Amino acid sequence: MAKTVLIIEDDDNIAELLRLYLEKDGFNVSIAENGALGVAEFERVGPDLVLLDLMLPILDGWGVCREIRAVSNVPIIMLTAKGETMDKVAGLEMGADDYIVKPFESGELIARVHAVMRRFEASGGAESKRLSFENLVIDMDSFELLIRGNRVEAPPKEMELLYHLASSPNRVYTRNQLLDEVWGFDYFGDSRTVDVHVKRLREKLENVSDKWSLKTVWGVGYKFELIGGQ
């Protein structure tokens, strides 16, 4: 069955160009021209992936992303004309899975759509994905982060990064390894993406336990360190 992509974009020319690229590659496509309509169309269509412009009327891309993430982990790729680092970072922190800077080539767009979908589908396997440490539970089956028994909001990519590190305690990962293994080998970002996500995780995990920590290994990368065993 063909996958469905929801395009939320207020520029008719860009939206139609995206539709052309995606339909040519075999996707079903739905389009919404502002943020409010995008949220309504998301609820109506239940798409497999969302292409989301940042600069939207009525409700901007960050607001739309927040609304979607409150109910779904469906992949989101943000579209931005600015190409500024802070826009990319803000989108990723909000829970977007990737971003594309306008103007873009059709090949890049399709490659990113397929890459994000592969990662999303690969993370949805039948095996249980739940890790427990003192005062910390990382539950990838329900995408819940529990700290001292309380649910703490965390975007999907933060959850995936923490789970990946904690799955191999004390193993040191380079930034490039994490980009390859968490974001995917064909991710188009840079190592600052990893730093941003680690920083956000540390804010959530600060002083939670003295039995483990999210540690920087200077000049190398990061690890989830167990202190004295569990």
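Criteria and cut-off values
Residues numbered from 1 in each chain as written. Predicted model: local features only at pLDDT ≥ 70, side-chain atom pairs only at ≥ 80, totals over all residues. Heavy atoms only, no water. Core = buried A, V, L, I, M, F, W, Y, C linked by side-chain atoms within 4.5 Å. Buried < 20%, exposed > 50% of the residue type's maximum accessible area, 1.4 Å probe, protein only. Helix = DSSP H or I, 4+ residues; strand = E, 2+ residues; numbered from the N terminus. Contact = heavy atoms within 4.5 Å. 1 Å grid on protein atoms, 1.4 Å probe; cavity = no way out; pocket = protein on both sides within 12 Å on 5 of 7 lines; lining within 4 Å. Points joined across faces, edges and corners; volume = space filled by probe spheres on them. Nonpolar A, V, L, I, M, F, W, Y, C, P; charged D, E, K, R; others polar. Pairing = 2+ DSSP bridges. Axes fitted to C-alpha atoms, helices over the stretch in contact; angles between N-to-C directions. Expected span 1.5 Å × (residues − 1). Polar contact = N/O pair within 3.5 Å; in protein donor to acceptor, adjacent residues only side chain to side chain. Salt bridge = Lys/Arg side-chain N within 4 Å of Asp/Glu carboxyl O.

Participant: Go over the nonpolar core, please, and point to the residues and values.
Facilitator: Grouped together as the largest cluster of nonpolar side chains are 29 residues, with contacts concentrated most on Phe-133, Leu-136, Ile-138, Leu-145, Leu-161, Leu-178 and Phe-224. At the level of secondary structure, the elements contributing two or more residues to this core comprise strand E6 (130-133), strand E7 (136-139), strand E8 (144-147), helix H6 (156-167), helix H7 (175-183), helix H8 (192-205), strand E11 (212-217) and strand E12 (221-226). Considering every element that reaches this core, the biggest residue donor is H6, with six residues. Beyond its immediate chain neighbours, meaning those up to four positions away, Leu-136 contacts Leu-131, Leu-145, Leu-146, Ile-147, Leu-205, Trp-212 and Phe-224.

Participant: Run through the layout of surface pockets, naming residues and quoting values.
Facilitator: Of the pockets and cavities examined, the largest pocket occupies roughly 340 Å³. Those elements that place two or more of their residues in the lining of the largest pocket are helix H3 (61-69), helix H4 (85-94), E8, strand E9 (150-152) and H6. Across the lining of the largest pocket, the residue classes break down as 10 nonpolar, three polar and six charged.

Participant: Explain the sheet that holds E9 to me, and be specific about the residues and the numbers.
Facilitator: Reading across the sheet, the four strands line up as E6-E7-E8-E9 and stay open at both edges, with antiparallel pairing between neighbours. Unpaired on one side and paired on the other, E6 and E9 mark the two borders of the sheet. This sheet shows a mean twist of 20° between the axes of neighbouring strands, independent of strand direction. Taken together, the four bridges between E7 and E8 define a ladder with antiparallel strand orientation. Paired with Leu-136 across the two strands is Ile-147, which belongs to E8.

Participant: Residue-level account of H6, with values.
Facilitator: Side chains three or four residues apart in an α-helix point the same way, a direct result of the helix having 3.6 residues per turn. Taking 1.5 Å per residue as the helical rise, H6 with its 12 residues ought to reach 16 Å, and the 16 Å between its terminal C-alpha atoms agrees with that figure. With 10 of 12 residues buried, H6 is to be regarded as a mostly interior element.

Participant: Can you tell me about the environment of Glu-203, naming the residues and giving the values?
Facilitator: Structurally, Glu-203 is set in helix H8. Engagement of the side chain of Glu-203 in a polar contact is seen with the side chain of Lys-199, the distance being 3.0 Å.

Participant: For the pairing of strand E1 (residues 4-8), give the residues involved together with the corresponding values.
Facilitator: Most of E1 is tucked away, with five of its five residues classed as buried. Neither face of E1 is open: one carries Thr-4, Leu-6 and Ile-8, the other Val-5 and Ile-7, and all of them are buried. When E1 meets strand E2 (residues 28-32), the two strands line up parallel, connected through five bridges. Among the inter-strand pairings, Thr-4 is bridged to a residue of E2, identified as Asn-28.

Participant: I'd like a description of the environment of Val-39, backed by residues and values.
Facilitator: Mapped onto the elements, Val-39 comes out in helix H2 (residues 35-45). Between the C-alpha atom of Val-39 and that of Val-64, which follows or precedes it by 25 residues, the distance is 6.4 Å. Beyond its immediate sequence surroundings of up to four residues, Val-39 is in contact with Leu-59, Val-64 and Glu-67.

Participant: Could you give an account of the pattern of salt bridges, naming the residues involved and the relevant values?
Facilitator: If you walk through the whole model with that rule in mind, you get 19 salt bridges. Its salt-bridge partner being Glu-203, residue Lys-199 comes within 3.0 Å of it at the nearest N-O pair. Pair noted here: Lys-199 and Glu-203 are both in helix H8, with a separation of four residues, about one helical turn. Exposure remark for Lys-199: the relative accessible area of 52% places this residue in the exposed category. Since its relative accessible area comes to 45%, Glu-203 is described here as partly exposed. Put simply, Lys-223 and Glu-225 hold a salt bridge, and the shortest N to O gap is 3.3 Å. With relative accessibility at 14%, the residue Lys-223 sits in the buried group. Residue class for Glu-225 comes out buried when judged on its relative accessible area of 17%. Counted as one network, the salt bridges with shared partners bring together Glu-9, Asp-53 and Lys-102.

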